[in-house]
Structures are given as structure tokens and as C-alpha cells.
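# Inside the fold
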There are 2 protein chains.
Amino acid sequence: MSTREEKKQRTRQAIIQAAINLFSANGFENTSIEELAKVAGVGKGTIYGYFQTKKEILRAFCEYALEQIHKDLVSKTNPEAPILEQMLTIYMTEFNHVTQNREFGRIFMRQTVFPDESDVKGHAEIEDKYFELLFPIIEKAKERGELRKEIEPLHLTAHFYSLYVLLMSAWYSGRIPTTEVDSAMELLFRQTLEGLQPTPLNI
Amino acid sequence: MSTREEKKQRTRQAIIQAAINLFSANGFENTSIEELAKVAGVGKGTIYGYFQTKKEILRAFCEYALEQIHKDLVSKTNPEAPILEQMLTIYMTEFNHVTQNREFGRIFMRQTVFPDESDVKGHAEIEDKYFELLFPIIEKAKERGELRKEIEPLHLTAHFYSLYVLLMSAWYSGRIPTTEVDSAMELLFRQTLEGLQPTPLNI
DNA sequence: ATTAAATGTCGACTGCAGTCGAAATTACCG
DNA sequence: CGGTAATTTCGACTGCAGTCGACATTTAAT
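A quick note: this is a predicted structure, and the numbers were derived from the prediction, not measured.

## Regarding the interface of chain A and chain B
Listed per partner, the contact involves 47 residues of chain A and 46 residues of chain B. Summing both sides of the interface, chain A and chain B together bury roughly 4600 Å²; the carbon and sulfur share of this comes to 59%. Here chain A and chain B share four salt bridges between them. Connecting chain A to chain B are 17 residue pairs in polar contact (both at pLDDT 80 or more). Secondary structure elements with two or more residues in the side of chain A that touches chain B: α6 (102-113), α7 (120-143), α8 (153-172) and α9 (181-194) of chain A. Broken down by element, the residue count for the side of chain A that touches chain B peaks at 13 residues, all from α8(A). Of the residues belonging to the side of chain A that touches chain B, the class tally is 24 nonpolar, twelve polar and eleven charged.

See the structure below:
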């Protein structure tokens, strides 16, 4: 027989695996907790011993999905490329992954950008992983003189991220078709780097 | 007796008014459709003759709330002030209104930024009202030489709006306390206007 | 005025998220 | 072991969003 803790871990994994299978196959809305419980081989109530809400299960699912994205990113990014190019690669990769399933992406974005009170902590962790990915890129770009040195990495990240969110929003609202996302992103990123004001004449 | 159309309008209004009262008093989650129906003086099924989902009722409520915000905005904005100041006034006013009720604000933002398939059309209309408000401001600022002329008003609006969304997100994630929102907004707006790149030496 | 079609209204019903307390399992100690 | 405390599991139950079809009201045509 195994210790309590080991069993809990196995049960937890079984639930997440069932979620990955069912959410991927049928979507979040079309998967009921009871179905999930059956596939995971546990009772309905047990699920709620591991997760407080259905959305929290989604977050576990999202974390898994994010790992896949990050793996993809590391292999694609060239740390010596211009900052514009790197940022475009990162955010387009993410866009492509997240929007692979339209409904999943919407729930994921809503939850990430405007988290429930109960989810705030979990999403903070996810964000930290982003910073780990982006900060080194920013530092290198600063060294190469592509970015103003006095701007905080946090604020820089914020700018790009906010434009990414905007594009997602525009895509979900139908204002931008899939084919135009990359050019729109390039335009917005470039404008942010260059600034919106006219270049001052007196330097 | 009154004609059918008139009666429908009155019923519709009764539902919206009941929603305004109940959502404001008890919040969206704590208001059941049955309660709403009772207060509006109709049957539960009737509600669904006017709105397809509970969220759609929320949108009607939001439209009402938005009108209040716009009224507030028009009285506060000074069309001759610098673009930075005007944008700060507009988005801080909006921030203050939307976050007055934390839960309402979250649902409102989620719905606005990542709308459901069924709500896309309604939210497009809300956005148009924004453009009506912002485009003249941008045109004037261009005339005063505060913005690069070649940048589309739509893209300019997009930049500021995306930073506004970012701040909302940061607030809901607890990364920014209420007291620091205005200074953070000023910082981000200023950086966007000035650009993130070093000013090129060769003009 | 009569009647048939069209449009509105209603609340019982269905399905699912989340709760709860009783039952089962595991850990701990004499 | 034997017994008891602590933890975990379970599915019947509650409450609410949304559906459905029977019933009521309005319109329009004769």
C-alpha cells in the first residue's frame, strides 16, 4: 500500500489528465464535472477536494498548455535578433497556441487578464514565468542600444503585453481576421518602439 | 389599450430597470433570473423572450452605466488641454466608474475585451461610441503637433486603450493598488507617446 | 362579430455547478 | 492487533440558468 500523500498526487494527476482529454476533445463548457469525475475514476465530491471550482481545473489545464507553449518558444527565439523580431515571434507563437481552440482561448484570456479573486495567486505565478522569459531579452536589447536604458523592464514588458491583449481582443471581437494579426502586431509594436509623438527637433 | 410594440417596450424597460436595481444592490451573481422576473413583474420565461442570456441583460445594464460615464466625461474633458492630460482624464474617469463595484467591473471588462460570440455585435456598438469621443480629440492634438500625423486615429486609440486594459488587469490581479493607478497610467501613457527606443541621433 | 394566425407569456422541467454529511479509508497509539 | 482520531471519498441534494410547450392576448381578414 502507498502512503496517503502519494495517492493524493495520483488522484490529482488523474483529474488533470481527464481534464486535458475532455476539455481538448469536447471543450470546457461541454464537459460536466460528473463526466470528468467518471473519467478520472473518482466521485464528484472528490473533485472539489482538489479544486474549488470548475475554473480552477481549467487553470491547471492552462498551466499544462502554457508549458507546451514555452517549450515551443525556447526553440524558436533567437536571442541575438532585434527586439522587435523577438517580441513578434514570442507573441505570435503565443497567439497561435492560445487561439487554436477559440473557446479555450477566450476563457484562458479572460481568466488571465481579469482573474477571479480566488485565482489571483495562481495567475501571478504564471506571469512570473513570463518575466523570466522576457527580462533577459530586454536586458540584451538594452545592451545593444535598442531600448532606452532608463525604462524599467517591467514597464517595457507591460507595453508589449498590453498590445498583445489588445490584438487578442480585436480578434475575438472580429475586428481583425486571423490573417492580419501578424501585420497588425508588427505595426503596433513598431509604433510603440518609435513613439507616437513627432521626433523633437531639439536634442 | 396600447399597441403590441408599446407594451413590449414597457416590458423591456421594466426588465432593465429591475436589473439596474438588483445588480446595483446585490451584484450580478447574487441576482437570480427568477428574482429579476418577479421584480420586473413578468414570468421567468418572458425574460428570455427579451434577452437570450443573463449576460445579455448585463450588457443592457452596462450600456446604461456607460451612458452615465460618458455624461461625466463630456463635462470633465477640456478639448484644448494636451493629449496626455485629456487621455488621462478620460481613462481615469472610466476606471473610477467601472471599478466602483469590483465584481461588476470584472464582468464588464471580460465581456468588453473578450466578448462571447453572441455579444460581439452589441459590443461593437459600444466601441463605436468611444471612437466618436476619441477621434476628434486625436485630430485636434495632431493639428497642435502633439502627435505624428501619419499614425491612424484607430491605431492611436488602440495604444491608449490597450494600456487602460493593462492597468485594469493589473488592478484586478492586485499588482497595482487603487492609489497608484493614476501615476502608473501617466507613466505608461507618457512612455507610449515618447517611444521606447532611444531618440535617433540623425534626424 | 367571428375566427384563425401570429405573437407573447408563463412556470414546470432539465441539466449542471457546487455543498454536505454520512460512510470508508488511512494514520496513530496503547 | 484493537480501537479511535483524522482524513478522504462519495453521491444524493440544492439552487439557478436556460428550455419548452401549453395557454393567453393581439392582429387582421372576412
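## Comments concerning the protein's contact with DNA strand C
Taken together, 19 residues surround DNA strand C, and among them A:R4, A:K44, A:K54, B:G43 and B:T46 come closest. Sugar and phosphate atoms represent 67% of those atoms of DNA strand C found within 4 Å of the protein. In this structure, a phosphate oxygen belonging to DNA strand C sits 2.7 Å away from a main-chain N or O atom of B:G43. Separating a phosphate oxygen of DNA strand C from a side-chain N or O atom of B:T46 is a distance of 2.8 Å. Elements supplying a minimum of two residues to the surface near DNA strand C: α1 (4-26) and α3 (44-50) of chain A together with α1 (4-26) and α3 (44-50) of chain B. Sorting elements by how many residues they give to the surface near DNA strand C places α3(B) first, with four residues. Split into classes, the residues belonging to the surface near DNA strand C amount to five nonpolar, seven polar and seven charged.

## Looking at the protein's contact with DNA strand D
A:G43, A:T46, B:I33, B:K44 and B:K54 are the nearest of the 19 residues found near DNA strand D. When the atoms of DNA strand D within 4 Å of the protein are sorted by group, sugar and phosphate make up 62%. Interatomic distance of 2.6 Å between a backbone N/O atom of A:G43 and a phosphate oxygen of DNA strand D. Here a phosphate oxygen of DNA strand D sits 2.8 Å away from a polar atom, N or O, in the side chain of A:T46. Sorting the residues of the surface near DNA strand D by element identifies α1 and α3 of chain A together with α3 of chain B as the ones contributing at least two each. The element contributing the most residues to the surface near DNA strand D is α3(A), with four residues. Across the surface near DNA strand D, the residue classes tally to five nonpolar, eight polar and six charged.

## Things to note about the packing of aromatic side chains
Taken as a whole and judged by the stated rule, the model has 20 aromatic pairs over all chains. Here A:F160 and A:F189 contribute two aromatic rings whose centre-to-centre distance is 4.9 Å and whose plane-to-plane angle is 75 degrees, an arrangement assigned as edge-to-face. One end of the pair, A:F160, is in helix α8; the other, A:F189, is in helix α9, and 29 residues separate them in sequence. A:F189 matches A:F160 in its accessibility class, with the two residues each being buried. Measuring from ring centre to ring centre gives 4.9 Å for A:W171 and A:Y172, while their planes differ by 80 degrees; the resulting arrangement is edge-to-face. When sorted by exposure, A:W171 lands in the same class as A:Y172, which is buried. One aromatic cluster is present, formed by A:Y91, A:F160, A:Y161, A:Y164 and A:F189 through successive ring pairs. Between the NZ or CZ atom of B:K8 and the centre of the ring of B:Y50, over which it lies, the distance is 5.7 Å.

## With respect to the nonpolar core
In this structure, A:Y91, A:Y164, B:Y91 and B:Y164 are the most contacted members of the largest nonpolar core, which totals 136 residues. Setting aside residues up to four positions removed in sequence, B:Y91 forms contacts with B:L134, B:T157, B:F160, B:Y161, B:Y164, B:M185 and B:F189.

Rules of the game
Residues numbered from 1 in each chain as written. Chains lettered and ligands numbered in written order. Predicted model: local features only at pLDDT ≥ 70, side-chain atom pairs only at ≥ 80, totals over all residues. Heavy atoms only, no water. Contact = heavy atoms within 4.5 Å. Buried area = accessible area lost by both parts, 1.4 Å probe. Salt bridge = Lys/Arg side-chain N within 4 Å of Asp/Glu carboxyl O. Polar contact = N/O pair within 3.5 Å; in protein donor to acceptor, adjacent residues only side chain to side chain. Helix = DSSP H or I, 4+ residues; strand = E, 2+ residues; numbered from the N terminus. Nonpolar A, V, L, I, M, F, W, Y, C, P; charged D, E, K, R; others polar. Near = heavy atom within 4 Å. Phe/Tyr/Trp six-rings, centres within 6.5 Å; stacked < 30°, edge-to-face > 60°. Buried < 20%, exposed > 50% of the residue type's maximum accessible area, 1.4 Å probe, protein only. Lys NZ or Arg CZ within 6 Å of the ring centre and 35° of its normal. Core = buried A, V, L, I, M, F, W, Y, C linked by side-chain atoms within 4.5 Å.

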